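Coordinate inspection notes
Spelled out from the first residue to the last, the chains are:
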Amino acid sequence: MNSFQFLDYLGVAVFAISGALVASRKEFDLIGFALLATLAGIGGGTTRDLLIGRPVFWVNEQGYLAVCLIVALAIYFYSPFIGSRYRLVLWADAIGLAAYGALGADIALKAGVDPLVAVVMGMMTATFGGIARDLIAGEPPVALRHEIHVTASLLSAAAFVAFTLAGVPPLIAFPIAALAGFGLRAGAILRGWSLPRYRPRPGRET
Amino acid sequence: MNSFQFLDYLGVAVFAISGALVASRKEFDLIGFALLATLAGIGGGTTRDLLIGRPVFWVNEQGYLAVCLIVALAIYFYSPFIGSRYRLVLWADAIGLAAYGALGADIALKAGVDPLVAVVMGMMTATFGGIARDLIAGEPPVALRHEIHVTASLLSAAAFVAFTLAGVPPLIAFPIAALAGFGLRAGAILRGWSLPRYRPRPGRET
Amino acid sequence: MNSFQFLDYLGVAVFAISGALVASRKEFDLIGFALLATLAGIGGGTTRDLLIGRPVFWVNEQGYLAVCLIVALAIYFYSPFIGSRYRLVLWADAIGLAAYGALGADIALKAGVDPLVAVVMGMMTATFGGIARDLIAGEPPVALRHEIHVTASLLSAAAFVAFTLAGVPPLIAFPIAALAGFGLRAGAILRGWSLPRYRPRPGRET
């Protein structure tokens, strides 16, 4: 397992944790934990692989599914003993978001897509697992709340694509891009940074 | 048409019935009946085929779509004359669930995936049509309610994979696996069997 | 760019407008505008391409994504100055719906699928972007409300397939099929045409 593959497994685990914690907050049974952990953990990469026409990454390597199921089991039995679960997952999610924006863009570039498409693929890899998780659990998708969530994944993906086009080698481009995305998301968590919402004129029809 | 293909059509019809009955309970128009019957009928197999990279099963054989549309029409015109619709569909759904868990796993194994992946593919074939149906209809997914729904499809798929790995021929493995899944689901319907729900500690933050 | 490709871009733009206007009514931030415009703009064609096994149309031609993002930006900044946004989008959507029903069926027929499958692919191309948009935004899918929405796309797709099977050349079949679908939808908007809803017997159990 090389370092990029290690990051890939780390990203899957981190997102699986977010799914299992949503299941815990919704008081689902063990199957619901496994379903949400798996959807959140591998949903983004699955979307990316289907769209660019690659074999879906977890279908030929069952380790990814195994990680999601282990995470679901662990959270099911141990989460009652963890305080402030939501806070922990926000930070884990921020790491996954930043890493997956760049990793997803890297995989898309290697598949030969255009730069703008690679940025969108990075964003999808980092966010679509969470969108699927929220839809299935009946919660409003976090990607559409005010926080700088999708934006951080876009920054990470766009920075990686820009560096790569400029000839910067991946081992340098990756940490810088991921740190930029992580820093933006950390600011949003700690300081409440947000994008301006659309403001309608008062009293108008919708 | 061999016996496995007959089972395949039967599964599509049974799930299409569940979709049309949800449309009936929601008082949709005829198009809504057709849409929900088709989503429920072919959604699970479509997900499986996309993920393992097979041609989608109904795209090159329009009989599957025709079955969904005929079911939608029939339920639209005749369901007012059926008593206790929901009870009937629970049993039809249980048969489909058990059969499709094993059938989906069989198709995935033949495509060469790992055993754990084949079990998940069987579960998806048996449940994702219903999840899509519930999301579109705006109902909470039945797969996430307490009943032993997903679990029965997992049992059917896992039993089939285990038998196949042990060298048991499909014509023996299939009925045993499907019966095991069906028996578990029947127990849940008749006796209210359920998995333990996650219990949070009282008074804690979410 | 030939005339069919021009229509294709026009369809993407028109559906992207509908997505951005939903974001505006929901008061999302700029990222939410971009996400909904893109989902609505390319969602239907993406579904079609995945199902029939073609390369997804926007992955190798980034102009489609660019159109969605430009539409999102424009609506974000200028929609406060437009009166009766919803009325405008209904008409734009009707044009897109009618054109995409026939265009989607054309692409599916060229990929070699059966006629009934081609009609369903045309309908999906014309409607699934809107379904995804509504699910993500948490609104009841417009495709399942009473209006003749899905039906107009089916008419457009079915007319195109029927003409093509009868040997009518595409340049004649396309405008007639699209006009038929548009006329049906226009009648639904102007006169409130609708399909009969399912009527349950009073007092019965659901």
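Residues numbered from 1 in each chain as written. Chains lettered and ligands numbered in written order. Predicted model: local features only at pLDDT ≥ 70, side-chain atom pairs only at ≥ 80, totals over all residues. Heavy atoms only, no water.

A few points about the overall build of chain A
Across its full length, chain A carries seven helices and zero strands. In sequence order, chain A lays out its α and β elements as α-α-α-α-α-α-α. When the 206 residues of chain A are sorted by exposure, 57% land in the buried category. By sequence separation, contacts in chain A at least 24 residues apart represent 73% of the contacts at least 6 residues apart. Accessible area for chain A stands at about 8100 Å²; split by element, carbon and sulfur atoms hold 68% of it. (Helix = DSSP H or I, 4+ residues; strand = E, 2+ residues; numbered from the N terminus. Buried < 20%, exposed > 50% of the residue type's maximum accessible area, 1.4 Å probe, protein only. Contact = heavy atoms within 4.5 Å. Areas by Shrake-Rupley, 256 points an atom, 1.4 Å probe, with all protein chains shown as cover.)

Overview of the nonpolar core
Ranked by internal contacts, the top residues of the largest apolar core, which has 197 residues, are W58(A), W58(B) and W58(C). If near-sequence neighbours (up to four positions away) are discounted, W58(B) is found in contact with I42(B), T46(B), Y64(B), L65(B), L51(C), V117(C), M121(C) and M124(C). (Core = buried A, V, L, I, M, F, W, Y, C linked by side-chain atoms within 4.5 Å.)

Describing the UniProt feature "transmembrane region" (unreviewed entry) in chain A
All names here are of chain A. Per the UniProt record, "transmembrane region" (unreviewed entry) is found at residues 6-23, 30-51, 63-81, 88-109, 115-136, 148-166 and 172-193. Taken end to end, residues 6-23 is 100% helix and 0% strand, and its first and last C-alpha atoms sit 26 Å apart. The distance from the first to the last C-alpha atom of residues 30-51 is 31 Å, and the span holds 100% helix and 0% strand. (UniProt positions renumbered as here; feature names shortened; annotations may be inferred.)

So, the packing of helix α6 (residues 150-165) of chain B against helix α7 (residues 170-191) of chain B
Between two packed helices, what matters for the description is the angle formed by their axes and the separation of those axes. Residues and elements named next belong to chain B. In contact at an axis separation of 8 Å, α6 and α7 are set at 160 degrees when each is read in the N-to-C sense. The orientation of α6 relative to α7 falls into the category roughly antiparallel. The crossing of α6 and α7 is right-handed. Contact residues: T151, A152, L155, S156, A159, F160 and F163 in α6; P170, A173, F174, I176, A177, A178, A180, G181, L184 and R185 in α7. The class makeup of the residues in the contact of α6 with α7 is 13 nonpolar, three polar and one charged. (Axes fitted to C-alpha atoms, helices over the stretch in contact; angles between N-to-C directions. Parallel < 35°, antiparallel > 145°, perpendicular 65-115°, else oblique. Left-handed = near helix turned anticlockwise from the far one by under 90°. Nonpolar A, V, L, I, M, F, W, Y, C, P; charged D, E, K, R; others polar.)

Details of helix α6 (residues 150-165) of chain C
For α6(C), spanning 16 residues, the distance from its first C-alpha to its last is 22 Å, which sits close to the expected 22 Å at 1.5 Å a residue. Just downstream of α6(C), G167(C) is the residue with a positive phi angle, here 90 degrees. (Expected span 1.5 Å × (residues − 1).)

Some thoughts on the environment of R87(B)
Secondary-structure assignment places R87(B) in helix α4 (residues 85-110). The residues contacting R87(B), other than those within four sequence positions of it, are I189(B) and L190(B).

Re the packing of helix α2 (residues 30-52) of chain C against helix α3 (residues 63-78) of chain C
All names here are of chain C. Where α2 meets α3, the axes come as close as 8 Å, and the angle between the chain directions of the two elements is 135 degrees. Classified by the angle their axes make, α2 and α3 are oblique. The two elements α2 and α3 cross, and the hand of that crossing is right-handed. Listed contacts from α3 to L30, F33, A34, A37, T38, G41 and I42 of α2 are L65, C68, L69, A72, L73, I75 and Y76.

Topic: the pattern of salt bridges
Summed over the entire model, instances satisfying the criterion amount to 12 salt bridges over all chains. Residues D49(A) and R54(A) are paired through a salt bridge, measuring 2.7 Å at the closest nitrogen-oxygen approach. Relative accessible area serves as the criterion here: at 0%, D49(A) is assigned to the buried category. Note that D49(B) is salt-bridged to R48(B), the shortest N-O span being 3.0 Å. R48(B) sits in the buried class, given a relative accessible area of 5%. Members of the salt-bridge network, linked through shared partners, are R48(A), D49(A) and R54(A). (Salt bridge = Lys/Arg side-chain N within 4 Å of Asp/Glu carboxyl O.)

With respect to a nonpolar patch on the surface
A cluster of nonpolar side chains, F6(A), L10(A) and I95(A), forms an exposed patch at the surface whose accessible area comes to about 280 Å². Following the sequence through the fold, I95(A) ends up in helix α4 (residues 85-110). (Patch = residues over 30% accessible without salt bridge, like charges linked within 9 Å, V, L, I, M, F, W, Y side chains within 5 Å.)

Re the packing of aromatic side chains
Evaluated as defined, the whole model comprises 18 aromatic pairs over all chains. Centre to centre, the rings of F33(C) and Y76(C) are 5.0 Å apart; their planes meet at 90 degrees, and the pair counts as edge-to-face. Here the residue F33(C) occupies a position in helix α2, and Y76(C) occupies one in helix α3, the gap between them amounting to 43 residues. As far as the burial class goes, F33(C) and Y76(C) line up, both buried. An aromatic cluster is present here, built from Y9(A), F57(A) and Y64(A) joined pairwise through their rings. The cationic tip of R48(B) hangs over the ring face of F57(B); the distance from NZ or CZ to the ring centre is 5.8 Å. (Phe/Tyr/Trp six-rings, centres within 6.5 Å; stacked < 30°, edge-to-face > 60°. Lys NZ or Arg CZ within 6 Å of the ring centre and 35° of its normal.)

Focus: the side chain of S156(C)
Residues and elements named next belong to chain C. Note that S156 resides in helix α6. Assessed through its relative accessible area of 0%, S156 is described here as buried. A polar atom in the side chain of S156 sits 3.2 Å from the backbone nitrogen of A102. (Polar contact = N/O pair within 3.5 Å; in protein donor to acceptor, adjacent residues only side chain to side chain.)

Notes on helix α2 (residues 30-52) of chain A
Residue and element names in this part refer to chain A. Compared with an ideal rise of 1.5 Å per residue, which puts 23 residues at 33 Å, α2 spans 33 Å between its outermost C-alpha atoms and is within 8% of the ideal. Of all 23 residues that make up α2, 19 are buried, and the element is covered over most of its length. At the N-terminal end of α2, a side-chain oxygen is found 3.2 Å from the backbone nitrogen of I31, two or three residues along, and the residue is D29. Backbone geometry just downstream of α2 places G53 in the positive-phi region, at approximately 80 degrees.

Some details on the environment of W193(B)
Tracing the chain through its elements places W193(B) in the segment after α7. For the pair W193(B) and I148(B), spaced 45 residues apart in sequence, the C-alpha to C-alpha distance is 6.9 Å.

What about the environment of G53(C)?
Assignment of secondary structure puts G53(C) in the loop between α2 and α3. Expressed as a C-alpha distance, the spacing of G53(C) and A111(C), which sit 58 residues apart in the sequence, is 8.7 Å.

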